[in-house]
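Residue strings, one per chain:
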Amino acid sequence: DQQVKQNSPSLSVQEGRISILNCDYTNSMFDYFLWYKKYPAEGPTFLISISSIKDKNEDGRFTVFLNKSAKHLSLHIVPSQPGDSAVYFCAAAEGYTNAGKSTFGDGTTLTVKP
Amino acid sequence: NAGVTQTPKFRVLKTGQSMTLLCAQDMNHEYMYWYRQDPGMGLRLIHYSVGEGTTAKGEVPDGYNVSRLKKQNFLLGLESAAPSQTSVYFCASSRDRVAGPGPPFFGSGTQLSVL
């Protein structure tokens, strides 16, 4: 049973608009959540994270929202830029110190059209 | 500053052959990890190390062995390759014991095909 799910394999948005990527998890022990960005032929790059003691974390154009009761998190990118086109992975861990042992979702391919 | 370097970038093996993937990091990180990524899927942890001389199993360790003889290097070995091990392999490392591991830094990956 997949513990971290990204139900949308792909998302296409217009440049300048908002991109919303979603992620659901089932394991109640997860309390630290991460988003990674991956370009083709490169390794994933850490983007932003959130601890379960928060419900929102912002870093520039990127905001992650966490709804613990629904076991749902989302990544908002505003405004979206063509350079944001990549695969985005959601990941979840039992604590910050276990970030390297995260469970990953299958990814969402974001395409930002000029 | 190279970060995390993986060699080779591509490799083709025949079933039953053995090989070793090398990962080197120059950030003085304590923790190192090996993952695999199959098409359309997320990364899965194979093995990891919390320091020189230590190794531990991850989610999908079967068919792989690892060694961490030097702090900066983490080797992944396949003793008898199988077609099911065709995948992209990523190495990663994360911060020192004082700051804690945190989100890892990834290498650019090794595409392995087993025929």
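The structure displayed is predicted, hence computed values, not measured ones. (Residues numbered from 1 in each chain as written. Chains lettered and ligands numbered in written order. Predicted model: local features only at pLDDT ≥ 70, side-chain atom pairs only at ≥ 80, totals over all residues. Heavy atoms only, no water.)

A. Just the overall build of chain A, in detail. The helix and strand tally for chain A stands at zero helices and 11 strands. For chain A, the succession of helices and strands along the chain, N to C, is β-β-β-β-β-β-β-β-β-β-β. In terms of overall dimensions, chain A is globule-like: its C-alpha atoms have a radius of gyration of 13 Å, near the 13 Å expected for 114 residues. Overall, chain A is about 40 × 30 × 25 Å in size when its C-alpha atoms are taken along their principal axes. The buried share among the 114 residues of chain A stands at 45%. Excluding contacts between residues fewer than 6 apart, the proportion of contacts in chain A whose partners are at least 24 apart in sequence is 55%. Averaging the coordinates of the 11 positive side-chain charges in chain A and doing the same for the 11 negative ones gives two points 2 Å apart. (Helix = DSSP H or I, 4+ residues; strand = E, 2+ residues; numbered from the N terminus. Rg over C-alpha atoms; globule rule 2.2 N^0.38 Å. Buried < 20%, exposed > 50% of the residue type's maximum accessible area, 1.4 Å probe, protein only. Contact = heavy atoms within 4.5 Å. Lys, Arg positive; Asp, Glu negative; His and termini not counted. Charge placed at Lys NZ, Arg CZ, Asp CG, Glu CD.)

B. Up close: the side chain of Ser87(B). Residue and element names in this part refer to chain B. Here Ser87 shows up in strand E9 (residues 87-94). Accessibility expressed as a relative area gives 3% for Ser87, which makes it buried. Once residues lying within four places of it in the same chain are set aside, the contact partners of Ser87 are Arg36, Gln37, Asp38, Thr110, Gln111 and Leu112.

C. Seen up close, the nonpolar core. In this structure, Phe33(A), Trp35(A), Leu73(A), Leu75(A) and Tyr88(A) are the most contacted members of the largest nonpolar core, which totals 23 residues. Of all the secondary structure elements, the ones that give two or more residues to this core are strand E3 (19-25), strand E4 (32-38), strand E5 (45-51), strand E7 (62-67), strand E8 (72-77), strand E9 (86-93) and strand E11 (108-113) of chain A. No other element matches E9(A), which puts four residues into this core. Within the second largest apolar cluster, 19 residues are counted, among which are Leu21(B), Phe74(B), Ala81(B) and Leu112(B). (Core = buried A, V, L, I, M, F, W, Y, C linked by side-chain atoms within 4.5 Å.)

D. A look at the sheet that holds strand E8 (residues 73-78) of chain B. Residues and elements named next belong to chain B. Pairing is antiparallel across the open sheet formed by four strands, whose spatial order is E1-E3-E8-E7. One side of each edge strand has no neighbouring strand; the edge strands of this open sheet are strand E1 (4-7) and strand E7 (65-67). Each strand of the sheet is rotated relative to its neighbour by a mean of 20°, with strand direction disregarded. Inspection of the sheet shows E1 paired to strand E3 (residues 19-25) by four bridges, in the antiparallel sense. Within E3, the residue paired with Thr5 across the bridge is Ala24. (Pairing = 2+ DSSP bridges. Axes fitted to C-alpha atoms, helices over the stretch in contact; angles between N-to-C directions.)

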